[in-house]
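Inside the fold
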Amino acid sequence: MGFTALERNYSATSDFALNHADQMRISDYLALDLRRALSVQAARNDTTIYIPNYYDTSGNPQTPVLDGDGGVYYGAAGSS
């Protein structure tokens, strides 16, 4: 009975650690997206985050370009 209890405890602890790591990763990605956001529009039950398009359709990084007003855009002028 002792071995079975230890095995269950180990399994529960491992599952908890894996789930916690996944939650922290999601939190980090959400924080990264919010830091990069150009604007955030909050509605009653929905939030839209506008993030620059850092990569083109083939997955290659796009070079940032400065416009004359102090802004930075990726890809076509005015794209986000």
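Mean pLDDT for the protein chain: 83, with 94% of residues reaching 70 or above. Put simply, strand β4 (residues 72-74) is where the protein chain has its lowest mean pLDDT, 74, and helix α1 (residues 2-36) is where it has its highest, 91.

Our focus in this paragraph is the pattern of salt bridges. One pass over the structure, following the stated rule, counts 1 salt bridge. The partner of R25 in a salt bridge is D22, and the shortest N-O contact between them spans 2.6 Å. You can see R25 and its partner D22 sitting in helix α1, 3 residues apart, about one turn around the helix. Residue classification places R25 among the partly exposed residues on the basis of a relative accessible area of 43%.

Another point: a nonpolar patch on the surface. A surface patch of nonpolar side chains, amounting to about 320 Å² of accessible area, comprises L30, L34, V40 and I49. When you line up the elements, L30 lands in helix α1. Relative accessible area serves as the criterion here: at 46%, L30 is assigned to the partly exposed category.

Cut-offs applied
- Numbering of residues begins from 1 in every chain and follows the order in which that chain's sequence is written.
- Side-chain atom pairs in this predicted model are given and counted only at pLDDT of 80 or more, local residue features only at pLDDT of at least 70, and totals for whole chains, interfaces and linings cover all residues.
- Derived side-chain values reflect all non-hydrogen atoms in the structure, with water molecules and hydrogen atoms excluded from consideration.
- Summary of the metric used: pLDDT quantifies the predictor's per-residue confidence within the range 0 to 100.
- A run of H or I in DSSP becomes a helix once it reaches four residues, and a run of E becomes a strand once it reaches two; helices and strands are each numbered from the N terminus.
- Between Lys or Arg on one side and Asp or Glu on the other, a salt bridge is scored when a side-chain nitrogen of the former is within 4 Å of a carboxyl oxygen of the latter.
- Relative accessible area decides the class of each residue, using a 1.4 Å probe on protein chains only: under 20% of the type maximum gives buried, over 50% gives exposed, and in between gives partly exposed.
- A patch is a set of surface residues, each over 30% in relative accessible area and not in a salt bridge, joined within 9 Å for like charges and within 5 Å for the nonpolar side chains Val, Leu, Ile, Met, Phe, Trp and Tyr.
- Accessible surface is estimated by sampling points in the Shrake-Rupley manner with a 1.4 Å probe; for residues, cover comes only from the protein chains shown.

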